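# Working through the structure, step by step
The chain contents come next:
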Amino acid sequence: MKTVSENRAFGGVQGVYTHESDATGTEMTFGLFLPREAEEGPVPVLWYLSGLTCTHENAMVKAGAQAHAARHGMALVFPDTSPRGDGAADDEAYDLGQGAGFYVDATEDPWAPHYKMWTYISEDLPRLLSNAFILDEDRQSITGHSMGGHGALTLAMRQPGRFASVSAFAPIAHPTASDWGRKQFRAYLGSDEAAWAPHDATLLMQEKGFDGEVLIDQGSKDQFLHLLKPEALAHAMAARHQPGAFRMQAGYDHSYFFVASFMADHMAFHAKALGL
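Residues numbered from 1 in each chain as written. Predicted model: local features only at pLDDT ≥ 70, side-chain atom pairs only at ≥ 80, totals over all residues. Heavy atoms only, no water.

### Considerations on the overall build of the chain
- Helix and strand counts for the chain stand at nine helices and nine strands.
- Against the globule reference of 19 Å for 276 residues, the chain gives a C-alpha radius of gyration of 17 Å, in line with a compact fold.
- In terms of its C-alpha atoms, the chain occupies a principal-axis envelope of roughly 50 × 45 × 35 Å.
- A buried classification covers 59% of the 276 residues belonging to the chain. (Helix = DSSP H or I, 4+ residues; strand = E, 2+ residues; numbered from the N terminus. Rg over C-alpha atoms; globule rule 2.2 N^0.38 Å. Buried < 20%, exposed > 50% of the residue type's maximum accessible area, 1.4 Å probe, protein only.)

### Some points on helix α4 (residues 147-158)
- Under the 1.5 Å per step criterion, the end-to-end length of α4 is 17 Å for 12 residues, consistent within 8% with the ideal 16 Å.
- The element α4 is extensively covered by neighbouring structure, given that 11 of its 12 residues are classed as buried.
- When α4 is considered as a whole, its buried residues turn out to be M147, G148, G149, H150, G151, A152, L153, T154, L155, A156 and M157. (Expected span 1.5 Å × (residues − 1).)

### With respect to the pairing of strand β7 (residues 165-169)
- With respect to burial, β7 is a largely interior element, five of its five residues being buried.
- Side chains of β7 alternate between two faces, with S165, S167 and F169 and V166 and A168 buried alike.
- Direction of pairing for β7 relative to strand β8 (residues 213-219): parallel, over a ladder of five bridges. Each residue of the ladder has a partner; that of F169, found in β8, is D217. (Pairing = 2+ DSSP bridges.)

### Comments concerning the pairing of strand β2 (residues 12-20)
- Summarising burial for β2: seven of the nine residues are buried, a large majority.
- Where strand β1 (residues 2-9) meets β2, seven bridges bridge the pair, whose relative direction is antiparallel. The residue of β2 that forms the bridge with E6 is G15.
- Here β1 hands over to β2 after two residues, with F10 in that stretch at a positive phi of 50°.
- As defined by bridge partners, β2 adjoins strand β3 (residues 27-34) across eight bridges and the pair is classed as antiparallel. Considered in β3, the bridge of T18 is made with T29.

### Topic: the packing of aromatic side chains
- Applying the stated criterion across every chain, the model contains 13 aromatic pairs.
- Between Y48 and F78 the ring centres are 6.1 Å apart and the planes differ by 50°, which places this aromatic pair in the tilted class. Of this pair, Y48 sits in strand β4 (residues 43-49) while F78 sits in strand β5 (residues 75-79), placing them 30 residues apart in sequence. Here Y48 and F78 have matching classes, each one buried.
- Here the aromatic rings of W180 and F224 are separated by 4.8 Å at their centres, their planes lie at 40°, and the arrangement is tilted. Taken as a pair, W180 in helix α5 (residues 179-189) and F224 in the loop between β8 and α7 (225-228) lie far apart in primary sequence, 44 residues in all.
- W180 gets classed as buried once you look at its relative accessible area, which sits at 4%.
- Under the relative-accessibility criterion, F224 is labelled partly exposed at 25%. (Phe/Tyr/Trp six-rings, centres within 6.5 Å; stacked < 30°, edge-to-face > 60°.)

### Re the packing of helix α3 (residues 117-132) against α4
- Here α3 crosses α4 at 60°, and the two axes come no closer than 12 Å. One way to sum up the angle between α3 and α4 is to call them oblique. Once α3 is placed against α4, the crossing between them reads as right-handed. The segment α3 lies against α4, with W118, I121 and S122 engaging T154, L155 and R158.
- Residue composition of the contact of α3 with α4, by class: three nonpolar, two polar and one charged. (Axes fitted to C-alpha atoms, helices over the stretch in contact; angles between N-to-C directions. Parallel < 35°, antiparallel > 145°, perpendicular 65-115°, else oblique. Left-handed = near helix turned anticlockwise from the far one by under 90°. Contact = heavy atoms within 4.5 Å. Nonpolar A, V, L, I, M, F, W, Y, C, P; charged D, E, K, R; others polar.)

As structure tokens, then:
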């Protein structure tokens, strides 16, 4: 692991690091905020997964999360959204290829050699963090925005017991029924739609639900509502009697202004679940 930068922030340290990933076979970059309490011992961890076109940096500089994390004494992990570099396949479209890994393990060429974002987030990066930093591995939660909200929800529901809580900002809620999903799943996973279902938050909510509380915020003026399909997830949560809340926020769009506006609520939600 190499240190790109470390900056004092809100009494803690915001770092950026690179490492060679066993999962993707490429160099990956991530951000990690450690609060002041990390100088004294292990701290709980909140994972933040970003959306289409984003890198590790977008949420790190736009979401305003560090101040809230410092207040609660929790670490923040900001992974990248895909493998990068000349060796990783790409596409001219913004919603496929680099910046658009969709948190799946690709099985189809030309994506299969490097697009292993499910394994990267669920196994590879956690192993590195465990070895390099003093974190409380038994107290973790996860959140994300848009494509990252999709990733957060699917990772949480498919790994019972790993996360104490899950939240999402404007998640891609029903990708198997949306052009933000069907296009990418066909490219990454092939034409068999049975392979897509484990990566659809609405289908997982219907089948499994989450073994903790869920918080979803969605802007009513989101320009991508027809692609996100939040109503499908809301109906699935209600039908399952899933503990938590789905909130439609009047007048908000899909931007980081929306994310920053409700970040304090999400951080407090996760802090409570983590016992802070």
